[in-house]
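Spelled out from the first residue to the last, the chains are:
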Amino acid sequence: MSAAGEKSGAEPESRAVSEVVDLVSTLIRFDTSNTGELETTQGERECAEWVADQLQQAGYTTEYVESGAPGRGNVFARLPGADPSRGALMIHGHLDVVPAEASDWSVHPFSGAVRDGYVWGRGAIDMKDMVGMTLAVARQFKIEGTVPPRDLVFAFLADEENGGRWGSQWLADNRPDLFDGVTEAVGEVGGFSLTVPRRDGSERRLYLVETAEKGLGWMRLRAKARAGHGSFLHEDNAVTILAQAVARLGTHTFPLVLSDSVAEFLAAVSEETGIEFDPGSPDIEGQLAKLGTISRIIGATLRDTANPTMLHAGYKANVIPQTAEAVVDCRVVPGRRAAFEREVDELIGPDVEREWITALDSYETTFDGHLVDAMNDAILAHDPAGRTVPYMLSGGTDAKAFARLGIRCFGFAPLRLPPELDFSALFHGVDERVPVDALEFGTRVMEHFLLHS
Ligand SMILES: [Zn+2]
């Protein structure tokens, strides 16, 4: 309780705050690396069983569910609230992590080491931090007999790092009963602080609440033409046709579309910092760069993107193949799906076919209402100089699966971060780590938030 802006040390620390660091450290020690392949992904079952055990020790009845394949473990628990007529709030987190190459790291990525004021390891930020905070608060509520204002559903999930195919997406398709009565949900990636310079020379901590996510689409392009000998005149070459289409798509700048979440974020930042963002300017990305590394995420939410990522054609140097294929990673702003597809069709031309390998819709909700007020109050109670602002995530989370079920989703995993920390670089990065005091702060905020949800 030493940080500025906290209550004085007169109040003893809550049970949840006392145990959160241990919980996060232990969670990291489960190697739950998701390789994207069923055969080599491991550890989710063991981690889920440990989470279930922690919940059961606190008095919960838990349900363990495998999402479509052996070992893909998920755990659910419910805590009844004072007013069962209100819809339930779900707090969800994924247990899997992306793989880590140990030789690149300062500490072993699955050590969960607590050192220099940080908990280190794969998942420290994405997202065993929030899993630990959720688990700590869930345990405390049950042990102390706390009755929250509405039903709470705690969900610990598999396979987020592979788009939730063997996790949230499967559960939404096959076990919608697990989400009965859930009207709202919070998960990653939001609630973290971004320190910006104010006009008067002071600083302001903005807490970015995720209210929207771009759509995700992996698109296969295929050119079919005439096969033939590599030494002949040959105008009808699938490789050339595909390469031209890929180049046009990869260098194309899609139109700028300011969704409500992005517009509200930019307005709030302008108000605090005095930096003007001119959406009409060809250099809007340059203006955003003044915000520092977070501009990598914010900049990607201004327009659709289509990045070619895979190419495949041919089998012999002197054979012109009949087909050539590419894969393009497409990220689409809410409301733009149909317009995006039309624009892509024009760019690739009539000689190239396209199909979606994976297509997950965008979603967007408004930054208002009781739950948003509760997030704001919880942040202000523990950081009176903070300010919550909405923003759009350029990537995807499990929220996409739950939004399909009609659940209103937010990213809210509160962390107060030191201004110099390059937070976005820690996601899937080397030396991923989370400050101990940020975890303790986040646990206090989560406790406050759930008690007023
Ligand atoms: Zn994540």
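Note that the structure is a prediction, hence the values are computed from the model and not measured.

(A) Structural context of the packing of helix α5 (residues 238–250) against helix α9 (residues 337–348). Remark: α5 packs on α9, axes separated minimally by 8 Å, with the N-to-C direction vectors making an angle of 135°. When the axis of α5 is compared with that of α9, the two are oblique. By crossing handedness, the relation of α5 to α9 is classed as right-handed. Residue-level inspection shows Ala 245, Arg 248 and Leu 249 of α5 in contact with α9, the latter providing Val 344, Leu 347 and Ile 348.

(B) Focus on the coordination of the zinc ion. Around the zinc ion, the protein contributes the donor atoms His 94 (NE2), Asp 126 (OD), Glu 188 (OE) and Glu 188 (OE), at 1.8 to 2.6 Å from the metal centre. Every donor counted, the 4 donor atoms about the zinc ion form angles of 54 to 155° at the centre, which fits irregular coordination. Read in sequence order, the donor residues coordinating the zinc ion give the pattern H-x31-D-x61-E. Here Asp 126 is found in the loop between β5 (118–120) and α3 (128–144), whereas its partner Glu 188 is found in the loop between β7 (182–187) and β8 (192–197), with 62 residues between them in sequence. We classify Glu 188 as buried; its relative accessible area is 6%.

(C) Expanded view of empty space enclosed by the protein. A complete count under the given rule lists 1 cavity of 30 Å³ or more for this structure. In this structure, the largest cavity occupies an estimated 80 Å³ of space. Forming the boundary of the largest cavity are Ile 125, Met 127, Asp 129, Met 130, Glu 188, Val 189, Gly 190, Phe 192, Ala 413, Leu 415, Phe 423 and Phe 427. Grouping the constituent residues of the lining of the largest cavity by class yields 9 nonpolar, 1 polar and 2 charged.

(D) Quick peek at the sheet that holds β5. The strand order β4-β5-β19 describes an open sheet built from 3 strands, whose pairing is antiparallel. Since the sheet does not close on itself, it has two edges, and those belong to β4 (114–115) and β19 (433–435), each with one partner. With 2 bridges joining them, β4 and β5 adopt antiparallel strand pairing. Bridge pairing in β5 links Arg 115 to Tyr 118. Packed on one face of the sheet, helix α1 (residues 15–29) meets β4 and β5 and runs near 20° to β5.

(E) Representation of unusual backbone geometry within the structure. In this chain, Asp 126 is followed by Met 127 through a cis amide linkage whose omega measures -15°. By secondary structure assignment, the location of Met 127 is in the loop between β5 and α3. Here the amide bond leading from Glu 188 into Val 189 is cis, since omega sits at -20°, within 30 degrees of zero. Residue placement: Val 189 occurs in the loop between β7 and β8.

(F) Region of interest: the domain arrangement of the protein chain. Taken domain by domain, the protein chain holds domain 1 (15–189 + 397–451) and domain 2 (213–360). Domain 1 and domain 2 are separated by 32 Å when their C-alpha centres are compared. With 8 residues of domain 1 at the interface, the matching set in domain 2 holds 8 residues. The three residues of domain 1 that bury the most area against domain 2 are Lys 400, Asp 422 and Ser 424, which together make up 66% of that side's buried surface. Across the pair Lys 400 and Glu 213 runs a salt bridge whose closest N-O atoms are separated by 2.9 Å. The interface formed by domain 1 and domain 2 holds 5 residue pairs in polar contact (both at pLDDT 80 or more) in total. Secondary structure elements with two or more residues in the side of domain 1 that touches domain 2: α11 (399–404) and α12 (423–426).

(G) Structural context of the sheet that holds strand β15 (residues 352–360). A sheet is described by the order of its strands in space; here 4 strands give the open sequence β12-β14-β10-β15, paired in antiparallel fashion. The two strands at the open ends of the sheet, each matched to only one other strand, are β12 (305–313) and β15. Across the sheet, the mean angle from the axis of one strand to that of its neighbour is 20°, orientation sign disregarded. Alignment of strand β10 (residues 215–224) against strand β14 (residues 323–332), held across 10 bridges, turns out to be antiparallel.

(H) Spatial organisation of the side chain of Asp 96. Within the secondary structure, Asp 96 sits in the loop between β3 (88–94) and β4. The residues touching Asp 96, leaving out its near neighbours within four places in the chain, are Thr 32, Asn 34, Glu 44, Asp 126, Leu 157, Ala 158, Asp 159, Glu 160, Glu 161 and Asn 162.

Reading guide: rules and limits
- Residues numbered from 1 in each chain as written.
- Predicted model: local features only at pLDDT ≥ 70, side-chain atom pairs only at ≥ 80, totals over all residues.
- Heavy atoms only, no water.
- Axes fitted to C-alpha atoms, helices over the stretch in contact; angles between N-to-C directions.
- Helix = DSSP H or I, 4+ residues; strand = E, 2+ residues; numbered from the N terminus.
- Parallel < 35°, antiparallel > 145°, perpendicular 65-115°, else oblique.
- Left-handed = near helix turned anticlockwise from the far one by under 90°.
- Contact = heavy atoms within 4.5 Å.
- Donors = N, O, S within 2.8 Å, 3.2 Å for Na, K, Ca; no water.
- Tetrahedral: all angles 85-135°; square planar, octahedral: opposite > 155°, others 65-115°.
- Buried < 20%, exposed > 50% of the residue type's maximum accessible area, 1.4 Å probe, protein only.
- 1 Å grid on protein atoms, 1.4 Å probe; cavity = no way out; pocket = protein on both sides within 12 Å on 5 of 7 lines; lining within 4 Å.
- Points joined across faces, edges and corners; volume = space filled by probe spheres on them.
- Nonpolar A, V, L, I, M, F, W, Y, C, P; charged D, E, K, R; others polar.
- Pairing = 2+ DSSP bridges.
- Domains from an automatic or database assignment.
- Buried area = accessible area lost by both parts, 1.4 Å probe.
- Salt bridge = Lys/Arg side-chain N within 4 Å of Asp/Glu carboxyl O.
- Polar contact = N/O pair within 3.5 Å; in protein donor to acceptor, adjacent residues only side chain to side chain.

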